[in-house]
Amino acid sequence: MGTVTFVDETTLGARTASAPLAVPEERLPLRELIARRVALETGPDGFGPALARALDAFARNGFLVLVGDRQIEKLDETVTVGPATEVVFLKLVPLVGG
């Protein structure tokens, strides 16, 4: 069993980390990791709409996901979870007028 710490990061370097989450699977798709994060933040109320917004934001390049030194580019891409895995959600801010 591994643990995942979700970290929100901005391009300016600000970082906020969650408490570690126990993950029994050794490997799982990014889509599932995002779903578990959304479940942590929303609980059962509003989970469905919040998950839809998060997956849509990922598809529109609203944020990048980094695991170790690797960018996860597809929702179905497999992530390996170790004893202390950090999953960084890097929020991208559009340029003014861009």
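Keep in mind it's a predicted model, so treat the numbers as computed, not measured.

Student: Teacher, can you tell me more about the layout of surface pockets here?
Tutor: To find leftover empty space, one rolls a probe the size of a water molecule over the atoms. Volume-wise, the largest pocket comes out at about 350 Å³. Lining the largest pocket are 19 residues, with D8, R37, E41, F63 and F89 positioned closest to its centre. Residue assignment for the lining of the largest pocket shows that the elements contributing at least two residues are strand 1 (2-10), strand 2 (15-17), helix 1 (30-42), helix 2 (47-59) and strand 8 (85-91). Of all the elements, helix 1 adds the most residues to the lining of the largest pocket, at five residues. Partitioned by chemical class, the residues of the lining of the largest pocket number nine nonpolar, four polar and six charged.

Student: Help me understand helix 2 in this model?
Tutor: Think of an α-helix as 3.6 residues a turn; residues three or four steps apart then line up on the same face. For helix 2, built from 13 residues, the straight-helix expectation of 18 Å at 1.5 Å per residue is met to within 8% by its first-to-last C-alpha distance of 18 Å. Residues A50, L51, A54, L55, A57 and F58 constitute the buried set of helix 2. Considered in projection along helix 2, the buried side chains sweep an arc of 160 degrees and stay on one side of the axis. What points out from helix 2, more than 90 degrees from its buried face, is the exposed set P49, R53 and A59. N61 lies just past helix 2 and shows a positive phi near 60 degrees.

So, how was this worked out
- The residue numbers shown here count from 1 along each chain, following its written sequence.
- Confidence filtering applies because this is a predicted model: local features only for residues at pLDDT of at least 70, side-chain atom pairs given and counted only at 80 or more, and all residues used for totals across whole chains, interfaces and linings.
- Side-chain numbers here rest on the full set of heavy atoms in the structure, without hydrogens or water.
- Only protein atoms enter the 1 Å grid used here, on which a cavity is any set of points holding a 1.4 Å probe that cannot leave and a pocket is any open set flanked by protein within 12 Å on both sides along at least five of seven lines; residues with an atom within 4 Å of a point are listed as lining.
- Grid points are joined across faces, edges and corners, and a volume is the space filled by probe spheres set on the points.
- Put simply, DSSP marks the helices as runs of H or I at least four residues long and the strands as runs of E at least two long, and each gets a number from the N terminus on.
- Polar here means any residue other than Ala, Val, Leu, Ile, Met, Phe, Trp, Tyr, Cys and Pro, which are nonpolar, and Asp, Glu, Lys and Arg, which are charged; Gly is therefore polar.
- Each residue after the first adds 1.5 Å to the expected span of a helix.
- Buried residues are those whose accessible area, probed at 1.4 Å on protein chains only, stays under 20% of the maximum for their type, while exposed residues exceed 50% and partly exposed ones sit between those limits.
- Directions pointing from the helix axis toward each C-beta atom define the arc.

Remember that the coordinates give geometry; whether it matters functionally is a separate question.
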